Amino acid sequence: INLCHLLSTIDMGIFQRFARIPLKSTYIWSLCRQYSTDLTAVDRALIQHRCVHNRGLGASPGNPGAAPPRLPFSRVTQEDLAFFRTLLPGRTITDPDLLKSSNVDWLKTVEGNSEVLLRPKTTEEVSQILRYCNERNLAVCPQGGNTGLVGGSVPVFDEIILSTSLMKQVITFDNISGILTCQAGCVLENLSNYLEERDFIMPLDLGAKGSCHIGGNVSTNAGGLRLLRYGSLRGTVLGLEVVLADGRILNCLATLRKDNTGYDLKQLFIGSEGTLGVITAVSILCPRKPKAVNVAFLGCSSFQQLLETFQCCRGMLGEILSAFEFLDASCMSLLEKHLKLTNPITESPFYIVIETAGSNATHDEEKLHKFLEEVMTSSLVTDGTVATEATKIKALWSLRERVTEALTHEGYTYKYDISLPVEKIYDLVQDMRGHLGDMAKNVVGYGHVGDGNLHLNITSPSKDPALLAAIEPYVYEWTSKWKGSISAEHGLGLKKRNYIYYSKPSEAVALMGSIKAMLDPKGILNPYKTLPDNIH
Amino acid sequence: MLPLRFRRVTMSARVLVGVKRVIDYAVKIRVKPDRTGVVTDGVKHSMNPFCEIAVEEAVKLKEKKLVKEVVAVSCGPQQVQETIRTALAMGADRGIHVEVSGKDYETLGPLQVSKIFAALAKKEQADLIILGKQAIDDDCNQTGQMTAALLDWPQGTFASEVTLEADKLKVVREIDGGLETIKIKLPAVVTADLRLNTPRYATLPNIMKAKKKKIVNVKPADLGVDVSSRLEVLKVDEPPQRQSGVKVETVHDLVEKLKEAGRI
């Protein structure tokens, strides 16, 4: 810390007490001779920017999802910028226009004001960045594709954004074992394309595949559409390379299917949402590309019949079933209204998307046709259509995958990602509709019904605190009552960190806090996220 | 009161729709190592997209009660029956499978197919033939035109809109300069372009019904058609690999590089 920095801190302190002007006005900075000569026009603009936006809204009992006050991390100085610019020439972004998109989440509901975006290309660079930030007590927000839905991927205040967008190399692929090793910044869709050329596929698939990074997927333990068939990342990820808060590189990038030597550290980082370490490389087990993929889109007149269809499906299609998703009639009308997609079948209260994936087209079609005949004749299903060609399959999948996009056109979306016993899934949607009445514009339900995972979405034309107060904590209490999870796959991020107690006992959360303190004593990695505020 | 002629045409009007089984639009095509053609074994096939549009248009005409029967026709080996079944699931009434297999199938092209269609049109007493404007595997865009010529029927090709008016067909065609509207007398040949309609999804009840619809097998010889080809494929190659571009930092660099490449 140089003397001038120290002086300016003292000056600011004195001034704040006596003059009661905002802590960061340009005038105070100019008091320090050193800074007044070094300030450029851009710097002044940055300081003004800080002054306007630097108000920690503070999580209050009425609003546990809002940001807490800013913790006393250091602020980025010219020297810090000089260090970063030397380490990452041309890849240290400070232009506010370029930073804008990285400061706002995909849902456009959370905005930070980071002033520095770093784009390392190698694990070594990430290590040096973190070592430096740890010494300087600078907070860091790791960012992949920025498609997270709980405000975990963007800074809350001025945390430095550490982006994996340039770490997009595939390191190795073994086409006998199907084990892929790649850097954390590889986009999921690109990995899928790479693997498909080699007759394999990624074990996970989600609507955000065109933008999300595999590192982000692993840090959030993303679920997705194929979990039903291939399991979660906790099973398919074989190894990780992680950079810890102090810059140490933890290379657990094993490519072994079985390795019982000591504690399985990678499981700590999977789902840790960037708070325990920055994932820089992943090795993952990939399944063979199925020779035959079929998608059926069915309509059901009641949720009970949907569940019976699921049971029938499990029985008749068991080994080839690779996805079982649902959406309700409200979702379909939003898709038709905002995205101009057409409903391929007659209108029904519920729609199911079933995907089968197998090694023999004739066998699978026979199984599928028998199943469809069964559900049609027993009237479990009222209408449906089947697709075997890639373009038609994509079209049918888009009816499920693009619901999230359609919802963004309705104004402000309140998203809830809940795990419940399968029979109770739609009860929550109907309950919420009754409970909210006219306050909400739409209450829709869709999701991975096969995994017991509901995506409950409520929209209003704009942010409405009264509506939020009606939804929360009612929805969490409801979930807790049925021993469900308040965040099945989206994670906790910023928005849900304080709700962790609805699904985890306090002893567990306390232990999580201890682990965090051990791995990141200064708390610089993605602060204000995942763990509740009272953990400190 | 409609003129007698019009009533005869519409009340008993029969439409023949050609459906071709081609490699699926989304599949990555690979050339066979011996460069005699592309790999088709084990590759996903589906109905030619323009043929789907043709079927949709025919079914729409039937739903409007402007035609009485829609017959789906396909030429090829056993597998084309799947394609005919898809047409039946979309609403066609019955199918005709013209059996062509082996070497004959490999060399089957627009000339032979149009002869087959001309023969079938006479045999089935069709009033209208709707085909896709072209197939996505050979991109020939010839079958419709040749069929019309062999039958000496008028043709409305690249149709983006088809309306039955009295005993004439009003066809809006997509041409280079824009849209051309023509009126042609029935019987006629129409080829479907992309914007004619959006093909429906075959729904399960229709897929079930389609299983009971009839598909009749016919040999080209029965129609008096010789399917031998007058064309010989010499070789098939992949298109040349696209060279990657070069990024330059400044306008000056760009000018230098263009000069180096002899472009300026």
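Source: prediction; values computed, not measured. (Residues numbered from 1 in each chain as written. Chains lettered and ligands numbered in written order. Predicted model: local features only at pLDDT ≥ 70, side-chain atom pairs only at ≥ 80, totals over all residues. Heavy atoms only, no water.)

1. A short note on the overall build of chain B
Inference 1: Of the regular secondary structure elements, chain B holds 8 helices and 11 strands.
Inference 2: Along the three orthogonal principal directions, the C-alpha set of chain B runs to about 80 × 40 × 40 Å.
Inference 3: Out of the 264 residues belonging to chain B, those deemed buried represent 44%.
Inference 4: A separation of at least 24 residues holds for 70% of the contacts in chain B among residues at least 6 apart in sequence.
Inference 5: Accessible surface, chain B: about 15,000 Å² in total, of which carbon and sulfur atoms supply 52%.
Inference 6: When the 43 positive and 35 negative side-chain charges of chain B are each reduced to one mean point, those points stand 6 Å apart. (Helix = DSSP H or I, 4+ residues; strand = E, 2+ residues; numbered from the N terminus. Buried < 20%, exposed > 50% of the residue type's maximum accessible area, 1.4 Å probe, protein only. Contact = heavy atoms within 4.5 Å. Areas by Shrake-Rupley, 256 points an atom, 1.4 Å probe, with all protein chains shown as cover. Lys, Arg positive; Asp, Glu negative; His and termini not counted. Charge placed at Lys NZ, Arg CZ, Asp CG, Glu CD.)

2. Concerning the pairing of strand β13 (residues 383-387) of chain A
Residue and element names in this part refer to chain A.
Inference 1: For β13, the buried fraction is high: 5 of the 5 residues fall into the buried class.
Inference 2: Across the two faces of β13 the burial is the same, with Asp-383, Thr-385 and Ala-387 and Gly-384 and Val-386 all buried.
Inference 3: In terms of strand pairing, strand β10 (residues 292-300) meets β13 through 5 bridges, oriented antiparallel. Bridging from a neighbouring strand, Ala-296 pairs with Val-386 of β13. (Pairing = 2+ DSSP bridges.)

3. Some remarks on the sheet that holds strand β3 (residues 140-143) of chain A
Residues and elements named next belong to chain A.
Inference 1: In space, the 4 strands of this open sheet follow the order β1-β2-β4-β3, with mixed pairing throughout. The sheet terminates laterally at β1 (92-93) and β3, the two strands that pair on one side only.
Inference 2: In this structure, β3 lies alongside strand β4 (residues 160-163), joined through 4 bridges in parallel fashion. In the sheet register, Val-140 faces β4, and the bridge partner there is Ile-160.

4. Quick look at the confidence of the model for chain B
All names here are of chain B.
Inference 1: Put simply, chain B has an average pLDDT of 92, and 96% of its residues get 70 or more.
Inference 2: Low pLDDT (under 50) marks residues 1-8, which in the prediction has 6 contacts with non-local residues, meaning those over four places away or in another chain.
Inference 3: Scoring of the predicted complex yields 0.79 for pTM and 0.77 for ipTM. (pLDDT = per-residue confidence, 0-100.)

5. A few points about the nonpolar core
Inference 1: Ile354(A), Phe371(A), Leu456(A) and Ile458(A) are the most contacted members of the largest nonpolar core, which has 94 residues in total.
Inference 2: The element that contributes the greatest number of residues to this core is helix α2 (residues 49-63) of chain B, accounting for 8 residues.
Inference 3: When near neighbours in sequence (up to four residues on either side) are disregarded, Ile458(A) contacts Tyr412(A), Thr413(A), Tyr414(A), Tyr416(A), Met432(A), Leu436(A), Ala440(A), Asn442(A), Val443(A), Leu467(A) and Ile471(A).
Inference 4: Membership of the second largest hydrophobic core comes to 31 residues, among which are Leu88(A), Val110(A), Tyr132(A) and Val156(A). (Core = buried A, V, L, I, M, F, W, Y, C linked by side-chain atoms within 4.5 Å.)

6. What to know about the UniProt feature "domain: FAD-binding PCMH-type" (unreviewed entry) in chain A
Inference 1: Here, UniProt's "domain: FAD-binding PCMH-type" (unreviewed entry) annotation points to residues 109-289 of chain A.
Inference 2: Segment residues 109-289 of chain A splits into 23% helix and 22% strand. End C-alpha atoms: 37 Å apart. (UniProt positions renumbered as here; feature names shortened; annotations may be inferred.)

7. Regarding the interface of chain B and chain A
Inference 1: Counting residues at the interface gives 15 residues for chain B, matched by 18 residues for chain A.
Inference 2: Along the contact surface separating chain B from chain A lie 2 salt bridges.
Inference 3: Its salt-bridge partner being Lys211(B), residue Glu373(A) comes within 3.7 Å of it at the nearest N-O pair.
Inference 4: Where chain B packs against chain A, one counts 3 residue pairs in polar contact (both at pLDDT 80 or more). (Salt bridge = Lys/Arg side-chain N within 4 Å of Asp/Glu carboxyl O. Polar contact = N/O pair within 3.5 Å; in protein donor to acceptor, adjacent residues only side chain to side chain.)

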